[in-house]
Amino acid sequence: MTAPTSSLNIDARGFHCPVPTLKLRKAMADNPDTNVVVLMADDPMARIDVPHFCNENGFTLTDMHEDGTAWTFTIHR
């Protein structure tokens, strides 16, 4: 039997970096049982900061895409 996947969505649109990454860090620390976090951010620096954060902390960035107004990042533990 596979463990259930829990997920969390973070809307960091309207915040400048480093706030989106700080929100991601806090969510990961406050929700240790969450397997997947989806972060939305519209600051262009997030596309650099979020992958770097994941790499430095052992998380896996499984998807990163832009829809014209914001970036969406899918992060797995």
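Before reading further, recall that the structure is shown in the block above.
What comes next is a walk through the structure. Throughout this document, residue positions are counted from 1 along each chain, in the order its sequence is written. With pLDDT at 70 or above as the cut-off, local features in this predicted model cover only qualifying residues; side-chain atom pairs require 80 or more to be listed or tallied, and sums for whole chains, interfaces and linings still use all residues. Only hydrogens and water are set aside; all other atoms, that is, all heavy atoms of the structure, feed into the side-chain values.

Here we take up the sheet that holds strand β3 (residues 60-66). The strand order across the open sheet built from four strands is β1-β2-β4-β3, with neighbouring strands paired in mixed fashion. The open sheet has two free edges, formed respectively by β1 (7-11) and β3, since each of these has just one partner strand. For this sheet, the mean inter-axis angle between neighbouring strands, taken without regard to orientation, is 15°. The rule for pairing is simple: two strands pair if DSSP sees at least two bridges between them. Starting at the N terminus, helices and strands are each numbered in turn, a helix being any DSSP run of H or I of at least four residues and a strand any DSSP run of E of at least two. Relative to strand β4 (residues 71-76), β3 is paired through six bridges, and the arrangement is antiparallel. If you follow histidine 65 over to β4, its bridge partner there is threonine 72. A contact between two residues is defined here by any heavy atoms of the two lying within 4.5 Å. Helix axes are fitted to C-alpha atoms over the stretch in contact, other axes to C-alpha atoms as well, and angles between N-to-C directions run from 0 to 180 degrees. Set on the sheet, helix α1 (residues 19-30) makes contact with β1, β2 (36-41) and β4; between it and β2 the angle comes to about 160°. Together, β2, β3 and β4 form the strand contacts of helix α2 (residues 46-57), whose direction differs from that of β4 by roughly 0°.

So, about the environment of cysteine 54. If you trace the backbone, cysteine 54 turns up in helix α2. For cysteine 54, a relative accessible area of 2% translates into the label buried. The spacing of cysteine 54 and lysine 26 is 28 residues in sequence and 13 Å in space, taken between C-alpha atoms. Aside from chain neighbours lying at most four places away, what touches cysteine 54 is Phe59, Leu61 and Ile75. Throughout this description, buried means an accessible area under 20% of the type-specific maximum (1.4 Å probe, protein chains only), exposed means over 50%, and partly exposed covers the range between.

Before going further, it helps to spend a moment on α2. Here the expected span of a helix is defined as 1.5 Å times the quantity of residues minus one. Across its 12 residues, α2 extends 16 Å between first and last C-alpha, which sits within 8% of the 16 Å expected from 1.5 Å per residue. Looking at α2, one finds that the buried residues are Ala46, Val50, Phe53 and Cys54. One side of α2 holds all its buried residues, which, seen down the axis, span an arc of 95°. For α2, the exposed residues lying more than 90 degrees away from the buried face are Asn55 and Glu56. As for α2, its buried residues are in contact with α1, β2, β3 and β4. Our arc is simply the arc of the directions from the helix axis toward the C-beta atoms.

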